[in-house]
Amino acid sequence: PSFWFCSWYDVSISTNLALFNHVRNNIEDPEVADNQYLVIAPTLHCRYTRATENTIVGERSVGDARLNYDEQIYSWFDMWLKGEKNDFKEKTPRVQYYTMGSNKWQHAEQWPPARAEMVTFYLSSEEGANSLFGDGKLSLNEPEKKGSESDGFAYDPMNPVKSYGGNVCCTGNAVKGGAYDQQQMETRNDILVYTSDVLEEGIEVSGFIETTLYVGSDAKDTDFTIKLIDVYPDGRAYNLDETIQRAKFREGYDKEVFMEEGEVYKLDMTPLSTSNYFEKGHRIRIEVSRSNFPRFTRNLNTGGNNFDESEAVIANNKVFHSPKYPSQIKLPIVSKEM
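As the structure is a computational prediction, the values presented were derived from the model and not from experiment.

**Remarks on the sheet that holds strand β2 (residues 36–44)**
- Read across the sheet, four strands follow the order β1-β2-β5-β6 without closing on themselves; strand pairing throughout is mixed. Either end of the sheet is taken by a strand with one partner, and the two such strands are β1 (2–9) and β6 (104–108). Within this sheet the neighbouring strands show an average axis-to-axis angle of 25 degrees, counted without direction.
- Strand direction decides the pairing type here: strand β5 (residues 95–99) and β6, joined by five bridges, are antiparallel. When the sheet's bridge partners are listed, Val 95 is paired in β6 with Ala 108.
- Helix α1 (residues 13–26) contacts β1, β2 and β5 of the sheet and is inclined by roughly 150 degrees relative to β1.
- Helix α3 (residues 69–81) rests against β1, β2, β5 and β6 of the sheet, and its axis sits at about 150 degrees to β1.

**Looking at the packing of aromatic side chains**
- One pass over the full model with this rule turns up 19 aromatic pairs.
- Here the aromatic rings of Tyr 214 and Tyr 325 are separated by 5.7 Å at their centres, their planes lie at 45 degrees, and the arrangement is tilted. Remark: Tyr 325 occurs in the loop between β17 (315–320) and β18 (328–334) and Tyr 214 occurs in strand β11 (residues 203–217); sequence separation between them is 111 residues.
- Since its relative accessible area comes to 22%, Tyr 325 is described here as partly exposed.
- Joined through ring pairs, the aromatic side chains of Phe 3, Phe 5, Tyr 37, Tyr 69, Trp 76, Trp 80 and Phe 88 make up one cluster.
- The ring of Tyr 37 has Arg 94 sitting right over it, with the charged end atom 4.8 Å from the ring centre.
- Directly above the aromatic system of Phe 293 lies the positively charged group of Arg 298, at a separation of 5.0 Å from the ring centroid.

**Here's the deal with α1**
- For α1, built from 14 residues, the straight-helix expectation of 20 Å at 1.5 Å per residue is met to within 8% by its first-to-last C-alpha distance of 20 Å.
- Buried residues along α1 sit in contact with β1, β2, β5, β11, β13 (237–246) and β15 (272–278).

**Topic: unusual backbone geometry**
- The omega torsion across Trp 111 and Pro 112 is -5 degrees, close enough to zero to call that bond cis.
- By the element assignment, Pro 112 lies in the loop between β6 and β7 (116–124).
- For the bond from Phe 293 to Pro 294, the omega torsion is 20 degrees, close enough to zero to count as cis.
- Turning to its location among the elements, Pro 294 is positioned in the loop between β16 (283–289) and β17.
- A positive phi angle is found at Ser 131, which is not glycine, with a value near 75 degrees.
- A positive phi is found at Asn 301, a non-glycine position, where the angle reads about 70 degrees.
- Mapped onto the fold, Asn 301 is located in the loop between β16 and β17.
- Judged by its relative accessible area of 2%, Asn 301 falls in the buried class.

**Here we look at α3**
- Helix length check: α3 (13 residues) gives 18 Å between terminal C-alpha atoms against 18 Å at 1.5 Å per residue, within 8%.
- Among all positions in α3, only Tyr 69, Gln 72, Ile 73, Ser 75, Trp 76, Asp 78 and Met 79 are buried.
- Of the surrounding secondary structure, the elements contacted by the buried residues of α3 are β1, β2, α4 (88–91), β5 and β6.
- Just downstream of α3, Gly 83 is the residue with a positive phi angle, here 75 degrees.

Reading the values: the criteria
- Residues numbered from 1 in each chain as written.
- Predicted model: local features only at pLDDT ≥ 70, side-chain atom pairs only at ≥ 80, totals over all residues.
- Heavy atoms only, no water.
- Pairing = 2+ DSSP bridges.
- Helix = DSSP H or I, 4+ residues; strand = E, 2+ residues; numbered from the N terminus.
- Axes fitted to C-alpha atoms, helices over the stretch in contact; angles between N-to-C directions.
- Contact = heavy atoms within 4.5 Å.
- Phe/Tyr/Trp six-rings, centres within 6.5 Å; stacked < 30°, edge-to-face > 60°.
- Buried < 20%, exposed > 50% of the residue type's maximum accessible area, 1.4 Å probe, protein only.
- Lys NZ or Arg CZ within 6 Å of the ring centre and 35° of its normal.
- Expected span 1.5 Å × (residues − 1).

If you want it as structure tokens, here you go:
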């Protein structure tokens, strides 16, 4: 039996949720599978109990995120360690998760919630998605043969995109964790910005977020990063989750497969995780870049062992979004209860 406590801005949120599901779905003993419970708070690493009447995670207020942690934990241990016949199972939902944006605790029998359906959004641009000032779009429409079919940027490892907020653990003062307004970061030309139209009604995204990028580079190896962002009507852009993929490990971490100039490669990024309500009037955004330093180690683009190298190579990278190479992100959108 396990009582799982996770946080949306913990460095290992997606892997913890995957492990919770792995135990429930693969254990041979049905009693063990039935005795898995999960709580997901809108806080940083190991700080799930630190929610207040006005919980600030980074610089975003997510409201009153308090929960009766002590009552639940003591009841859990009393049941299993003291053998008390209490009402833990009757009173405790299988999954308790906090939805940011709507700022409320919700519950479900599984993760993701049963009403979550994957909806595909496609990347596109006309002139180019470079920076906040580009015209990158996130759309439900599949790519057409018009405008630009790719966006390019140069990655200089000696001038990496700095980490600003996000999911952290154990980095001291190197990285400030949580949600921070990304607008200033998005003025960089080496960040590709794709934004949806203004939402005509609110959307809840709760679950695993899947991203597929079609990419190319003139370097034999490089990195690609992604962030999911909630954009407010006044322009504030709060990060929800992020991940990175080293291209040479795109086929698995047990082998190195280098890139060749002129070729296009498919990257299936590590799933992101969140529960966020994008209010009416907000927009959904993703950023694609090539570094998030120092949270993730810089790739020097040589294909070698970066930890013992001192020379770097500038990589000219592309993200494709054509009918043949439809880069996309799949969001778990929770349908409204009837």
